Amino acid sequence: VSRTRGAVARAGRGRGAVDGDLFMGAMRVARGETRRRREPEKWESATAGAIAGAVSRTVVNPLDVIKIRFQIQREATLASAAKAVGKYRSVGQALVCIVREEGVPGLWRGTVPGLLLTVPYCAVQFFALETFRSTFQAKRGGQKPEGERGLIDRERTLSFAGGAFAGVAATTASYPFDLLRTTMAAQGVPKQYPTMLHAARGVVAQRGLFRGLYAGLGATIVEIIPYSALQFGLYDIFCAAYDREIKRSSPDSRGAGGGARGASLDWGYLASKPFLCGLASGFIAKFATHPLDVVKKRYQVAGLCRSASYGKGFGVQEVAVLGIFRLLGKIVREEGLQGIYKGVTPSLMKAAPSAAITFAVYSLALDYIAKDR
């Protein structure tokens, strides 16, 4: 049989043969016929998550900087007779403005605290998610559902709960770095804090240890629960739909490549599926929770002194005394409905590819770690 398949593969070289091999490579992964047959260890999930977080953070950091600048801008982004226009008016204009005033390194401002945030965040997130899944699996006696599962069933519904649990655990473990990353990215020029250590000292001196480094934690938890639930829950559903479509579209008459070629096709599939599914789930999750992200950023930068060219800032007493929904209402009253969606374009431009890269790199890293064991 293997000789016959080899002859068919050799005879059909060219684009059609490659397409057939790609289909069957995808089929092998969709049916579980890959090198990694066992469930990943928790430390493997944590390591792969840390690698994925580092890669995605470095790639999308410029969009994160632009997003934060919009979110903490009180003034309007569009010309209006009743409202003053802010420093940043569009993604392209903000990009040019930051590069002109701060240089290209300005787009990567806050990268170090961002990495210190994202690496442990993703490590804890995927560790917690794997812990949640293994605990649930143990309660079910280690048995997996038989037959083809529906796109939405009880186990996939638990992916939403697992995502929320993982998000809360990761946020709590890494939150001070999130606050410092926001502070460093938001300050502009001239810098109030030249380094992350200076920023930490300044925040603690101004607001105290816990109230300073954990300012906005409540709003962040409120935001991260629906965000992580949607991201992981929808990701699981999209992956199931992707595999189902691969099975439905698989041509029976085409041969499957083997050996090193088949392994490379498996890796291509391991990257493409999580990338596309992560892109879709990240986009939806971020759009749904963006207003809460705006509120969180305002809590985090309260009291930060910036140049007057960036507009009116936020006093600690002005923001910190308000609850999440009261602050949301205040933003809508003063800035209009568009106020709670400031920065949504760079936010979506950042969140969707960030989720795509994270899931794709996580899948590849986990496969590589498991292969070497």
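Each remark here, short or long, concerns the structure printed above.
Residues numbered from 1 in each chain as written. Predicted model: local features only at pLDDT ≥ 70, side-chain atom pairs only at ≥ 80, totals over all residues. Heavy atoms only, no water.

**Observations regarding the nonpolar core**
And step 1. Core analysis: the largest hydrophobic core is formed by 17 residues, its most contacted members being Ala48, Phe126, Phe232, Tyr235, Phe359 and Tyr362.
And step 2. When contributions to this core are tallied by element, the ones reaching two or more residues are helix H3 (42-71), helix H5 (111-139), helix H9 (217-249) and helix H13 (344-372).
And step 3. Of the residues forming this core, the biggest block, 7 residues, is contributed by H13.
And step 4. When residues no more than four places from it in sequence are discounted, the contact partners of Phe359 are Phe126, Gln231, Phe232, Tyr235, Pro274, Gly278 and Ser281.
And step 5. In terms of nonpolar packing, the next biggest core, distinct from the first, is built from 13 residues, Ile72, Tyr88, Cys97 and Leu107 among them. (Core = buried A, V, L, I, M, F, W, Y, C linked by side-chain atoms within 4.5 Å. Buried < 20%, exposed > 50% of the residue type's maximum accessible area, 1.4 Å probe, protein only. Helix = DSSP H or I, 4+ residues; strand = E, 2+ residues; numbered from the N terminus. Contact = heavy atoms within 4.5 Å.)

**Considerations on empty space enclosed by the protein**
And step 1. This structure, assessed with the given rule, holds 4 cavities of 30 Å³ or more.
And step 2. Forming the boundary of the largest cavity are 31 residues, of which Arg57, Tyr121, Ile224, Tyr227 and Lys350 lie nearest the centre.
And step 3. Elements with a minimum of two residues in the lining of the largest cavity: H3, H5, helix H6 (154-186), H9, helix H10 (259-301) and H13.
And step 4. Residues belonging to the lining of the largest cavity are distributed by class as follows: 12 nonpolar, 9 polar and 10 charged. (1 Å grid on protein atoms, 1.4 Å probe; cavity = no way out; pocket = protein on both sides within 12 Å on 5 of 7 lines; lining within 4 Å. Points joined across faces, edges and corners; volume = space filled by probe spheres on them. Nonpolar A, V, L, I, M, F, W, Y, C, P; charged D, E, K, R; others polar.)

**Points about the environment of Ser134**
And step 1. Examined against the element boundaries, Ser134 turns out to sit in helix H5.
And step 2. Taking the C-alpha atoms as reference, Ser134 lies 9.0 Å from Glu39; in sequence the two are 95 residues apart.
And step 3. At a separation of 3.0 Å, a polar atom in the side chain of Ser134 contacts the main-chain carbonyl oxygen of Thr131. (Polar contact = N/O pair within 3.5 Å; in protein donor to acceptor, adjacent residues only side chain to side chain.)

**Regarding the packing of H6 against H9**
And step 1. Viewed as axis vectors pointing N to C, H6 and H9 meet at an angle of 140 degrees, and their least axial separation amounts to 7 Å. The angle between H6 and H9 places the two elements in the oblique class. In the crossing of H6 with H9, the sense of the turn from one axis to the other is right-handed.
And step 2. Considered class by class, the residues forming the contact of H6 with H9 number 14 nonpolar, 8 polar and 3 charged. (Axes fitted to C-alpha atoms, helices over the stretch in contact; angles between N-to-C directions. Parallel < 35°, antiparallel > 145°, perpendicular 65-115°, else oblique. Left-handed = near helix turned anticlockwise from the far one by under 90°.)

**Regarding the packing of H3 against H5**
And step 1. For the pair H3 and H5, interaxial distance at closest approach is 7 Å and the crossing angle is 145 degrees. The handedness of the crossing between H3 and H5 is right-handed.
And step 2. Considered class by class, the residues forming the contact of H3 with H5 number 10 nonpolar, 10 polar and 3 charged.

**As for the side chain of Lys296**
And step 1. Note on placement: Lys296 falls in helix H10.
And step 2. Residues contacting Lys296, with those up to four places away along its chain left out, are Asp178, Gly216, Ala219, Thr220 and Glu223.

**Some remarks on helix H4 (residues 91-102)**
And step 1. Over its 12 residues, H4 runs 16 Å from end to end, which matches the ideal 16 Å to within 8%, given 1.5 Å per residue.
And step 2. The first or second residue beyond H4 is Gly103, which carries a positive phi of 80 degrees. (Expected span 1.5 Å × (residues − 1).)

**Some words on the pattern of salt bridges**
And step 1. Applying the stated criterion across every chain yields a total of 20 salt bridges.
And step 2. Between Glu102 and Arg69 there is a salt bridge, and its shortest N-O distance comes to 3.0 Å. One end of the pair, Glu102, is in helix H4; the other, Arg69, is in helix H3, with 33 residues separating them in the sequence.
And step 3. Judged by its relative accessible area of 1%, Arg69 is buried.
And step 4. Ionic pairing is found between Lys330 and Glu334, a salt bridge with its closest N-O pair at 2.7 Å. Taken together, the residues span about one helical turn, with Lys330 and Glu334 both in helix H12 (residues 324-335) at a distance of 4 residues.
And step 5. Here Lys330 falls in the buried class, since its relative accessible area comes to 17%.
And step 6. Among the charged side chains, a salt-bridge network with shared partners connects Arg57, Asp64, Lys67, Asp178, Arg181, Glu223, Lys286, Asp293, Lys296, Lys297 and Lys350. (Salt bridge = Lys/Arg side-chain N within 4 Å of Asp/Glu carboxyl O.)

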